[in-house]
Amino acid sequence: MSVQSIRPVAPLQPKCDYPVRFINSHLVFENMTENSFHVGTHSLNDVMKLLQAGQLHQAKSALDPLLLGNPNDPEAHYLMGLVLWRGNHPGPALGHFRQSCKLAPERTDLAVSAIEHFIIAGRGDIGLEIANDALSASPNDAKLHIKLGILHLGQAKPELAKAAFERALELTPDNISAHTGMANSLAALKDNDGAMAILGAGLKLHPKSPTLLSELGRLHRTLGDLGQAEAHYAQAASIEPNAASLHYNLGSTFLHQHKTDDAKQALKRAIEISPNMAEAHAHLGMAMMMDGDLEGGWPEYEWRWKGQGFPNKQADAPLWDGKPMPGKTLLLSYEQGYGDAFQFARYVAIAAEVSGARVVLEAQKPIAELMKTITGVDEVIERGATLPPFDAQAPLMTLPMILGTTMQTIPSEIPYLSADPAKVKTWAKRMDGDGRKIGLIWRGNPDQLNNIFRSCPPKALAPLLGTANARFFSLQKDMTDDERDALPGVVDLATDFTDFSDTAAAMANLDLVISVCTSTAHLAGALGRPTWVMLSAASDWRWFLDRDDSPWYPTAQLFRQKTLHHWDGVVQAIAGQLKTFEPEA
């Protein structure tokens, strides 16, 4: 049987990162031995040896006639799957894995390993088929229940995942994977206390388990307790010092706490162990830039493109090299959040001038209209629309590296975005009245990983509302009834915002914008509006360390937490300055 006779299975993207993260730390197929499954013939033993030696071409050449002679041999299909997988042919490989499981549904060892491959390839749908078929033949196999739980988590079905992990724990009460899977299911169901408890129970059975300690660190990090996260990651890394992921997690936690020296040390250790670990390089870049070393940080930060979650870089044109390209087209594209686009939009005019090219800017729909106001942009294309032909490209956050930005050369000419004059007049009528006009933004995108740090409870802002000769306006999208109750008298403007061009027009009528670290803070700074930024003690690298001004935004003043999650000091400082704040003439 030829390889082509097995229908390839096209990879898809997983719905969440848990299955891949979990599987990558529990791979069994990377350590296969001749005894890992029941090899049927001496020839298959030889194939296994070739595979282990990395001789993929020879292994495939040996398997082809074996499959022709015995097309119903599940182990031959499985080995062909391994050969093709390691040879970077995932589609045909998955076809052989699937066939091996169809031929031998009772072989749970083949099913478990095949499921892992389907999870990594983003084909959890087929993984579920394999798991259910195998469980029909072997209903009391704990490993299969664990894989079933992982698959359900990948499809955002935590209730089904919980049931699968409960069954796995009944069958094997001391199983580490079952404990971590159950904890992740409970966390997805917002039962964080239950997740803590199940991980604690697992640690009583396995007090030196790096996996359980790491999961506890991750859960504490998610809940905003960086001190406990650091302690658990550090303990895990001391037990398993050659695990790059543990040093990466520890380094990332140090970075959030502004312990940049410790962060760099841990991240460099991760890179020493795993030189191509993109996330560790990117976080090392952020640690360097937080310390002010932009020149060293930008190249490390470029590694983000080799990690997961960056779908915006165009692969079908070369990266712009920073040289003139008159008569050609340069595509600049957004990446990450709206705030990132606003902050680095300052480089569009510079790139247009340096390149001499026709500049096309790709932008998310809510900001596209506003981005048309940037000097030097010839065309703005909304995300998802067909792009015109282009000769070179660059993501907005790569431009600082291309143009050699240092702390001394950060482009700080503002404004580089502007509001629509007609919309400014419209919003002026709605905001007409006496007193200083002050805008408030207290939370960011709840789906953003660091939102637990950067967002401020609205009730913490209540002391500002008694400021004499001041009127307060909410620029917060989707303001809730509870937030309105916490901020009586604050006028909700954002209800009628259609996109960020409305936000910009409203800001043009404000005397001051007070915002946490979210897109509106960057927009206010880019518009040149007086902006007071409320920063968490776990603030992002772009605000640097121990300063109350921003080289990115000359009209911004920074108010920093002294203790994580404690906003009272920040609000008190703002309230004090509001008493004497005078609007621009």
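As a reminder, the structure under discussion sits directly above these lines.
Reference entry: report on the structure contained in this document. Note that the structure is a prediction, hence the values are computed from the model and not measured. Sequence order sets the numbering: in each chain, residues are counted from 1 along the sequence as written. Since the coordinates come from a predicted model, pLDDT governs what is reported: local features require at least 70, and pairs of side-chain atoms require 80 or more to be given and counted, while whole-chain, interface and lining totals use all residues. Note that the side-chain values use all heavy atoms of the structure and ignore hydrogens as well as water.

## Concerning the overall build of the protein
- Every helix listed is a DSSP run of H or I at least four residues long, and every strand listed is a run of E at least two residues long, numbered separately from the N terminus. Scanning the protein from N- to C-terminus turns up 27 helices and ten strands.
- We compute the radius of gyration from the C-alpha atoms alone; for a globule the expected value is 2.2 Å times N to the 0.38, where N is the number of residues. Over its C-alpha atoms the protein spans a radius of gyration of 28 Å, differing by no more than 12% from the 25 Å that the globule rule assigns to 585 residues.
- For the protein, the spread of C-alpha atoms along the principal axes amounts to about 90 × 60 × 40 Å.
- Only protein chains enter the accessibility calculation, which uses a 1.4 Å probe; a residue is then buried when its area is under 20% of its type maximum, exposed when over 50%, and partly exposed in between. Of all 585 residues assigned to the protein, the portion counted as buried reaches 54%.
- Of the contacts formed within the protein by residues at least 6 apart in sequence, a portion of 65% connects residues at least 24 apart.
- On the protein, roughly 25,300 Å² of surface is accessible, and the fraction owed to carbon and sulfur atoms is 50%.
- Within the protein, one finds 52 positive and 66 negative side-chain charges whose respective centroids are separated by 1 Å. Only heavy atoms enter the contact rule, under which two residues are in contact if any of them lie within 4.5 Å. All accessibility values rest on the Shrake-Rupley procedure with a 1.4 Å probe; residue burial counts only the protein chains present in the view. A residue counts as positive if it is Lys or Arg and as negative if it is Asp or Glu; His and the chain ends are not included. Charged groups are reduced to one reference atom each: NZ for lysine, CZ for arginine, CG for aspartic acid, CD for glutamic acid.

## Comments concerning the sheet that holds strand β6 (residues 470-474)
- Here six strands make up an open sheet; going across it, the order is β7-β6-β5-β8-β9-β10 and the pairing parallel. This sheet does not close on itself; its edge strands, each paired only once, are β7 (491-492) and β10 (556-560).
- In this sheet, strand β9 (residues 531-535) lies alongside strand β8 (residues 512-516) in parallel orientation, the contact comprising four bridges. Residue Ser515 lies in a different strand from β9, and its bridge partner there is Val533. Any two strands with at least two DSSP-identified bridges between them are counted as paired.

## Side note on the nonpolar core
- Grouped together as the largest cluster of nonpolar side chains are 78 residues, with contacts concentrated most on Leu332, Met371 and Leu417.
- With residues up to four places along the chain from it excluded, the contact list for Met371 reads Ala341, Ala345, Leu361, Ala363, Val377, Val380, Leu396 and Leu417. We call a set of buried residues a nonpolar core when its members are Ala, Val, Leu, Ile, Met, Phe, Trp, Tyr or Cys and they connect through side-chain atoms within 4.5 Å of each other.

## So, helix α8 (residues 142-154)
- To estimate how far a helix should extend, the number of its residues minus one is multiplied by 1.5 Å. For α8, which comprises 13 residues, the first-to-last C-alpha distance of 19 Å matches the rise-based estimate of 18 Å (1.5 Å per residue) to within 8%.
- Summarising burial for α8: twelve of the 13 residues are buried, a large majority.
- What α8 keeps buried is the set Ala142, Leu144, His145, Ile146, Lys147, Leu148, Gly149, Ile150, Leu151, His152, Leu153 and Gly154.
- Put simply, Asp141 is the residue that caps the front of α8, since its side-chain oxygen is 3.0 Å from the backbone nitrogen of Lys143. The term polar contact refers here to a pair of N or O atoms within 3.5 Å; inside protein, the definition further demands a hydrogen-donor-capable atom paired with an acceptor-capable atom, and it admits residues adjacent in sequence only when both atoms are side-chain atoms.

## Thoughts on the pattern of salt bridges
- Here a salt bridge means any side-chain nitrogen of Lys or Arg lying within 4 Å of a carboxyl oxygen belonging to Asp or Glu. For the structure on display, the rule yields 25 salt bridges.
- Between Glu335 and Arg304 there is a salt bridge, and its shortest N-O distance comes to 2.9 Å. Here the residue Glu335 occupies a position in the loop between β1 (329-333) and α18 (338-344), and Arg304 occupies one in the loop between α17 (294-301) and β1, the gap between them amounting to 31 residues. For the pair Glu335 and Arg304, one class covers both residues: buried.
- The residue Lys423 makes a salt bridge to Asp502 at a minimum N-O spacing of 3.6 Å. Of this pair, Lys423 sits in helix α22 (residues 421-430) while Asp502 sits in helix α25 (residues 500-508), placing them 79 residues apart in sequence.

## Regarding unusual backbone geometry
- Note that the residue after Ile414, namely Pro415, is joined by a cis bond; omega there is -5 degrees.
- The residue Pro415 is located in the loop between α21 (399-402) and α22 in this model.
- For Asn469, which is not a glycine, the phi torsion comes out positive at approximately 55 degrees.
- Among the structural elements, Asn469 can be located in the loop between α23 (451-454) and β6.
- For Asn469, a relative accessible area of 54% gives the class exposed.
- You will see that His565, though not glycine, has its phi angle at about 75 degrees, which is positive.
- Tracing the sequence through the fold places His565 in the loop between β10 and α27 (568-578).
- According to the relative accessible area criterion, His565 is partly exposed, its value standing at 37%.

## Describing the packing of helix α4 (residues 74-86) against helix α5 (residues 90-103)
- It is at 8 Å that the axes of α4 and α5 come closest, and there the two elements cross at 160 degrees. It follows that α4 is roughly antiparallel to α5 by the angle criterion. Between α4 and α5 lies a crossing whose hand is left-handed. Contacts between α4 and α5 pair Pro74, His77, Tyr78, Met80, Gly81, Leu82, Leu84 and Trp85 from the former with Pro90, Pro92, Ala93, Leu94, His96, Phe97, Gln99, Ser100 and Leu103 from the latter. Structural elements are reduced to axes, namely lines fitted to C-alpha atoms, with helices fitted over the stretch in contact, and the angle between N-to-C directions of any two is expressed from 0 to 180 degrees. By the definition adopted for this analysis, an angle is roughly parallel if under 35 degrees, roughly antiparallel if over 145, roughly perpendicular if from 65 to 115, and oblique otherwise. Each crossing gets its handedness from the near helix: less than a right angle anticlockwise from the far helix is left-handed, clockwise is right-handed.

## Some points on the packing of aromatic side chains
- Aromatic pairs are defined between Phe, Tyr and Trp rings, using the six-membered ring for Trp, whenever the two ring centres lie within 6.5 Å; interplanar angles under 30 degrees are classed as stacked, those over 60 as edge-to-face, and all others as tilted. What the rule picks out here adds up to 13 aromatic pairs.
- Geometrically, the ring pair formed by Phe342 and Phe500 is edge-to-face, given 5.2 Å between the ring centres and 75 degrees between the ring planes. Note that Phe342 is positioned in helix α18 and Phe500 in helix α25, a separation of 158 residues in sequence.
- Ring pairs connect the aromatic residues Trp298, Tyr301, Phe344, Tyr347, Trp541 and Trp552, which therefore count as one cluster.
- Above the ring of Trp303, the side-chain terminus of Lys306 is found at 4.3 Å from the ring centroid. Two conditions define a charge located above a ring, namely a distance within 6 Å from the ring centre to NZ of Lys or CZ of Arg, and an angle within 35 degrees of the ring normal.

None of the figures reported here should be taken as evidence of function without further support.
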